[in-house]
Amino acid sequence: MRSRPIVLTCAAVAGLALLSGDGTAVAFPALEAAMDGLIAQVELSGGFTVDPRDGTQPVSGFVAATGRAGALAEPAVTFFGGRGPSVLRRYLSDHAAELRANPSRLLGAYYNRRGQRVVLSIVDVIDDRTTAIALGAARQQVTIYDLASRREIPTGYSAEDPDRKPRR
């Protein structure tokens, strides 16, 4: 009988560890401590690509978002004005099943300075540049991102001319 209260206490403490500071559930605890740093990274360097399961950020490969349907565009003024952590938590919670089912999928953020919005999306990191460009164009992306050179690469896709062939 003495072990039962200890087990219940441990279960209760473990349950609390999965709540954020604002009391919302945390889908990926490894990112909880990194939230403020990720938001600062978006504002300072224009974005991030991170594995939500362990918080690591790849340094090579080419990033292509999985598609516009799963993306979330948040006004920069609200994202950087204090709502960023809750927006990230909500996005991760909404896409937790996909991220858990596909371990190769990562979380990406891009600061569209021109449009003054932060775009969150589920992304793939592809080793081959040509494959990544073709995939990006097929997913209606104007650019993909080269992690090693930290530069955008045009895909050849154009919303004005969607039948245009992608560049190699």
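Fair warning: this is a prediction, and the values are worked out from it, not measured in the lab.

To continue, consider the overall build of the chain. The secondary structure content of the chain amounts to six helices and seven strands. In the chain, the succession of α and β elements from N to C terminus is α-α-α-β-β-β-α-α-β-β-α-β-β. When the 168 residues of the chain are sorted by exposure, 38% land in the buried category. Long-range contacts, defined here as pairs at least 24 residues apart, represent 59% of the contacts in the chain between residues at least 6 apart. Of the accessible surface of the chain, which amounts to about 9800 Å², a share of 55% is contributed by carbon and sulfur atoms.

Turning next to helix H6 (residues 129–138). Among all positions in H6, only Ala132, Ile133, Gly136 and Ala137 are buried. Down the axis of H6, the sector holding all buried residues measures 130 degrees, keeping them to one side. Contact partners of the buried residues in H6: strand S2 (62–65), strand S5 (117–126), strand S6 (143–146) and strand S7 (151–154). Sitting at the amino-terminal end of H6 is Asp128, which places a side-chain oxygen 3.4 Å from the backbone nitrogen of Thr130. Following H6 by one or two positions, Gln140 has its phi on the positive side, about 65 degrees.

One finds Val42, Phe48, Phe79, Leu88, Leu92, Leu107 and Leu120 to be the most contacted residues of the largest nonpolar core, which totals 23 residues. Elements with a minimum of two residues in this core: helix H3 (35–45), strand S1 (47–50), helix H4 (76–94), helix H5 (96–101), strand S4 (106–112) and S5. Counting residues per element, this core draws most heavily on H4, which supplies six residues. Excluding its chain neighbours within four sequence positions, the residues that come into contact with Phe79 are Ile39, Val42, Glu74, Gly84, Val87, Leu88 and Val118.

Summed over the entire model, instances satisfying the criterion amount to six salt bridges. With a shortest N-O distance of 3.8 Å, Glu74 and Arg83 are connected by a salt bridge.

Here we take up the pairing of S6. Residues Ile144 and Asp146 of S6 are buried on one face, while the alternating residues Thr143 and Tyr145, pointing to the opposite face, are not. Examined bridge by bridge, S2 and S6 share two bridges and lie antiparallel to one another. Each bridged residue has a counterpart across the sheet, and for Phe62 the counterpart in S6 is Asp146. Summarising the sheet, S6 and S7 pair through four bridges and their orientation is antiparallel. Counted as the bridge partner of Ile144 is Ile153 from S7. In this structure, the hairpin formed by S6 and S7 is closed by a connection of four residues, where Arg150 is found at a positive phi of approximately 60 degrees.

Reading the values: the criteria
Residues numbered from 1 in each chain as written. Predicted model: local features only at pLDDT ≥ 70, side-chain atom pairs only at ≥ 80, totals over all residues. Heavy atoms only, no water. Helix = DSSP H or I, 4+ residues; strand = E, 2+ residues; numbered from the N terminus. Buried < 20%, exposed > 50% of the residue type's maximum accessible area, 1.4 Å probe, protein only. Contact = heavy atoms within 4.5 Å. Areas by Shrake-Rupley, 256 points an atom, 1.4 Å probe, with all protein chains shown as cover. Arc of directions from axis to C-beta. Polar contact = N/O pair within 3.5 Å; in protein donor to acceptor, adjacent residues only side chain to side chain. Core = buried A, V, L, I, M, F, W, Y, C linked by side-chain atoms within 4.5 Å. Salt bridge = Lys/Arg side-chain N within 4 Å of Asp/Glu carboxyl O. Pairing = 2+ DSSP bridges.

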